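For reference, the chains in residue letters:
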Amino acid sequence: MRLSQLLIPTLREVPAEAEIPSHTLMLKAAMMRKLASGVYIYLPLGKRVLKKIEEIVREEMDRAGAQEVLMPAIIPAELLKESGRWDVFGPEMFKLKDRNDREFCLGPTHEEVFTDLVRNEVKSYRQLPLTIYQIQTKYRDERRPRFGVMRSREFIMKDAYSFDVDWDGLDASFDKMYDAYCRIFDRCGLKYTVVEADSGAMGGKDSKEFMVTSSVGEAVIAYCDSCGYAANEEKAECTVEHKSDEEIKPLEKIYTPDVRTIDELVSYLDVKSDKFVKTLIYTYKDKVAAVLLRGDREVNTVKLANLLKVNENDIDFADEETVRSVTGANVGFAGPIGLKGDVLLIADAEVPMMKNIIVGANETDYHLKNTNYGRDFKADVVSDIRKVVDGDKCPRCGNPLKLERGIEVGHIFKLGTKYSDALGANYIDENGNEKPMIMGCYGIGLNRIAAAAIEQNHDDKGIIWPMSIAPYHAIVVPVNVSNDAQRNLAEKIYDELSKAGIETLIDDRDLRAGVKFNDADLLGIPIRITVGKKASDNIVELKLRRDENSIELNYDEVVNKVKELIINSI
Ligand code: ATP
Ligand code: MG
């Protein structure tokens, strides 16, 4: 392809909203443009990258024995009502009505549609196991679309679903997908970590996420260098220290006028925040829960939701009125002793291990000092509900955990019978008995892979594409197109490379060499062939985008050298 003809409006300046390198570079390198918040147009270069990723995903899915289908993006409401998810998705789901007032949504994911297909078409154990997948556009009205295509409202997902006769079968299907995912991300040139993820309160077994390590990742990973344990922040189990051996002291009521927050208490009483237990009042489905947590800790709302057997978005901080009615005090003085009404009291697992704790007194302007679990209060439930922090002990081996940021590019999940039960996806076993199919689901975000690859492969000049997903393998740059020798040799090389099946660009624009080199660096094409002054001697320069140095080659060596470089790097 000729750069003079390619639709490639590269930018010098980018809009301020591009906060991270991949977003900036995808705009600058003319891979994409924004149409609306979280909705993007792919220009030729961006489209080629997506196509490459798509092909890798497809090849590996096919290799793993999965069969490709294509589902509609428009899903009738009844299907999601059958599974109960019509309301669960909340505002993240784009809903619409047809001319007859029938409700639909734009599919945010397709568990129900695949389960519906299989319940109608698959009846016997002889037809199982079955794994089917699609590469298709998903719609999610994200609360905070940002970072370009990393978190967009329309994106391309590969979603696969496995159907097995039993749990052993599911384990085997899951393992196949796990291996396929590793191959996909390896082939895309990504460095990633596989972490344990939350599988929710409603059934489901193993859930694993593939995280591309990156400082701009929105997810947090906790991992242990010693034993290899790795989990996302939501799932990471927290360990508790042994009971403090401090002597138990008598309870005291202390006057703390207008001192409400942990920070205010810390400075008012001159005591460290880990001597306090805060009492957080939540509402969930018309009920109230009070959560006790060490002063310096944060609640993990996923753990809390699982404990309460509700969805995360069913949980909210209680309003002022509710706080007043259950504590009998103004906001800021809640405590575990003497809560009024029907309140579920939950203590984080650390709380019973603490001694002589400061808590709110459930009385405006007062706190209690030296309260002790067991002596002064007891919770209805004691459970791990806090967020992991850097240096926490690994739940497997006890060595310190480290925290790191990651971009979730893929997710594999043993669903079990969640959808087969809800939708009645049953099969007849060899004894004629009807049984629910055991399901797994497996998602990969294709656009997110492209962005994540840029995050891990760029420098201050631009993108450095891994060969496997680069929009073109090579770019031929004649330094001066008005020079006949340079232009002719460049054209000849371009021709030969193209004929050899190498995806090649030629920068045939009549521009200064510096501008062309900058563009080649920005676009991130892995191999650059520069045709300059030595063209009359048939000598050209070959440079890898990754390397600083270039080598000189005779023109007739170029095709073989480029082929070799491509083969060695894919
Ligand atoms: P996240 O926690 O980032 O919102 P998710 O848990 O909602 O992700 P899944 O429902 O598991 O994601 O979707 C499967 C894959 O689809 C993700 O691993 C990710 O690669 C991709 N994906 C999800 N949401 C988006 C989005 N808004 N934009 C781009 N890709 C997305
Ligand atoms: Mg999401």
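Notes on the structure in this doc start here. Fair warning: this is a prediction, and the values are worked out from it, not measured in the lab.

## Some points on the site of ligand 1
Right, on to step 1. Among the 14 residues in the neighbourhood of ligand 1, the closest are listed as R140, E142, R151, S152 and E408.
Right, on to step 2. In this structure, an oxygen atom belonging to ligand 1 sits 2.7 Å away from a side-chain N or O atom of R151.
Right, on to step 3. H411 places a side-chain nitrogen or oxygen 3.0 Å from an oxygen atom of ligand 1.
Right, on to step 4. For ligand 1, whose unbound accessible area comes to 590 Å², protein coverage reaches 81%.
Right, on to step 5. Looking at the shell around ligand 1, the elements that each hand over two or more residues are β8 (154-164) and β21 (402-416).
Right, on to step 6. Residue composition of the shell around ligand 1, grouped by class: five nonpolar, four polar and five charged.

## Notes on the state of the cysteines
Right, on to step 1. Under the criterion given, the structure shown has zero disulfides.
Right, on to step 2. Cysteine C182 shares no disulfide, and the gap to the nearest cysteine sulfur, in C188, comes to 12 Å.
Right, on to step 3. Its relative accessible area of 16% is what places C182 among the buried residues.

## Notes on the pairing of strand β10 (residues 207-213)
Right, on to step 1. Within β10, five of the seven residues are buried, leaving the element largely enclosed by the surrounding structure.
Right, on to step 2. Looking at chain direction, strand β9 (residues 192-196) and β10 are connected through five bridges and run antiparallel. Bridging from a neighbouring strand, E196 pairs with K208 of β10.
Right, on to step 3. Bridge count between β10 and β21: seven bridges; the pairing is antiparallel. Pairing of E209 across the sheet is with H411, part of β21.

## A closer look at helix α2 (residues 44-63)
Right, on to step 1. Look at α2: 28 Å from first C-alpha to last across 20 residues, which is about the 28 Å you get at 1.5 Å a residue.
Right, on to step 2. Buried within α2 are the following residues: L45, G46, V49, L50, K52, I53, E54, I56, V57, R58, E60 and M61.
Right, on to step 3. Phi turns positive, to about 90°, at G65, one or two residues after α2.

## A short note on the sheet that holds strand β28 (residues 504-506)
Right, on to step 1. Strand order in the open sheet formed by five strands is β28-β27-β29-β30-β31, and the pairing between neighbours is mixed. Of all strands in the sheet, those with a lone pairing partner are β28 and β31 (550-554), marking the two edges. On average, each strand axis in the sheet is inclined to that of its neighbour by 25°, with strand direction left out of account.
Right, on to step 2. In terms of strand pairing, strand β29 (residues 527-531) meets strand β30 (residues 539-544) through four bridges, oriented antiparallel.

## Re the layout of surface pockets
Right, on to step 1. Its volume calculated, the second largest pocket comes out at about 360 Å³.
Right, on to step 2. What lines the second largest pocket is a set of 21 residues, among which R260, T279, L280, G332 and A334 lie closest to the centre.
Right, on to step 3. When contributions to the lining of the second largest pocket are tallied by element, the ones reaching two or more residues are α7 (262-269), β14 (277-284) and β18 (357-360).
Right, on to step 4. With five residues, β14 is the single largest residue contributor to the lining of the second largest pocket.
Right, on to step 5. A breakdown of the residues in the lining of the second largest pocket according to their chemical character gives 14 nonpolar, five polar and two charged.

## Here we look at empty space enclosed by the protein
Right, on to step 1. According to the stated counting rule, one finds two cavities of 30 Å³ or more in the structure shown.
Right, on to step 2. There is about 50 Å³ of room inside the largest cavity.
Right, on to step 3. Looking at the largest cavity, the residues that line it are I475, A520, D521, I525, R528, K543, L544 and R545.
Right, on to step 4. Listing elements by their share of the lining of the largest cavity, those giving two or more residues are α13 (513-523) and β30.
Right, on to step 5. Across the lining of the largest cavity, the residue classes break down as four nonpolar, no polar and four charged.
Right, on to step 6. Reported here for the second largest cavity is a volume of approximately 30 Å³.
Right, on to step 7. Contributing to the lining of the second largest cavity are L3, I8, T10, R509, D519 and L523.
Right, on to step 8. Residue composition of the lining of the second largest cavity, grouped by class: three nonpolar, one polar and two charged.

## Regarding helix α1 (residues 21-28)
Right, on to step 1. The buried fraction of α1 amounts to six of the eight residues, a majority that puts the element mostly inside the structure.
Right, on to step 2. All of the buried residues in α1 are S22, H23, T24, L25, M26 and L27.
Right, on to step 3. On its buried side, α1 packs onto β1 (32-36), β2 (39-42), α11 (446-456), β25 (458-459), β26 (462-463) and α13.
Right, on to step 4. Of the residues one or two after α1, A30 is the one with positive phi, at around 60°.

## Remarks on the environment of N538
Right, on to step 1. With respect to the element layout, N538 can be found in the loop between β29 and β30.
Right, on to step 2. Judged by relative accessible area, which is 32%, N538 ranks as partly exposed.
Right, on to step 3. Sequence separation of N538 and N554 is 16 residues, and the distance between their C-alpha atoms is 5.8 Å.
Right, on to step 4. Residues in contact with N538, not counting those within four places in the same chain, are L489, L553, N554 and Y555.

## Description of the sheet that holds strand β15 (residues 287-294)
Right, on to step 1. Taken together, the five strands give an open sheet; going across it, the order is β16-β14-β15-β17-β20, and neighbouring strands pair in mixed fashion. Lying at the two open borders of the sheet, with one neighbouring strand each, are β16 (315-317) and β20 (381-383). Strand-to-strand twist of the sheet, defined as the mean angle between neighbouring strand axes without regard to direction, takes the value 35°.
Right, on to step 2. For β14 and β16, the ladder comprises three bridges, and the chain directions are antiparallel.

## A closer look at the packing of helix α12 (residues 484-499) against helix α14 (residues 558-569)
Right, on to step 1. The interhelical angle for the contact between α12 and α14, taken along N-to-C directions, is 45°, at an axis separation of 10 Å. Relative to α14, the element α12 lies oblique. Two packed elements cross with a definite hand, and for α12 against α14 that hand is right-handed. Each of I493, E496 and L497 in α12 lies in contact with α14, whose residues at this interface are V558, V559 and V562.

Rules used throughout
Residues numbered from 1 in each chain as written. Chains lettered and ligands numbered in written order. Predicted model: local features only at pLDDT ≥ 70, side-chain atom pairs only at ≥ 80, totals over all residues. Heavy atoms only, no water. Near = heavy atom within 4 Å. Polar contact = N/O pair within 3.5 Å; in protein donor to acceptor, adjacent residues only side chain to side chain. Areas by Shrake-Rupley, 256 points an atom, 1.4 Å probe, with all protein chains shown as cover. Helix = DSSP H or I, 4+ residues; strand = E, 2+ residues; numbered from the N terminus. Nonpolar A, V, L, I, M, F, W, Y, C, P; charged D, E, K, R; others polar. Disulfide = S-S within 2.5 Å. Buried < 20%, exposed > 50% of the residue type's maximum accessible area, 1.4 Å probe, protein only. Pairing = 2+ DSSP bridges. Expected span 1.5 Å × (residues − 1). Axes fitted to C-alpha atoms, helices over the stretch in contact; angles between N-to-C directions. 1 Å grid on protein atoms, 1.4 Å probe; cavity = no way out; pocket = protein on both sides within 12 Å on 5 of 7 lines; lining within 4 Å. Points joined across faces, edges and corners; volume = space filled by probe spheres on them. Contact = heavy atoms within 4.5 Å. Parallel < 35°, antiparallel > 145°, perpendicular 65-115°, else oblique. Left-handed = near helix turned anticlockwise from the far one by under 90°.

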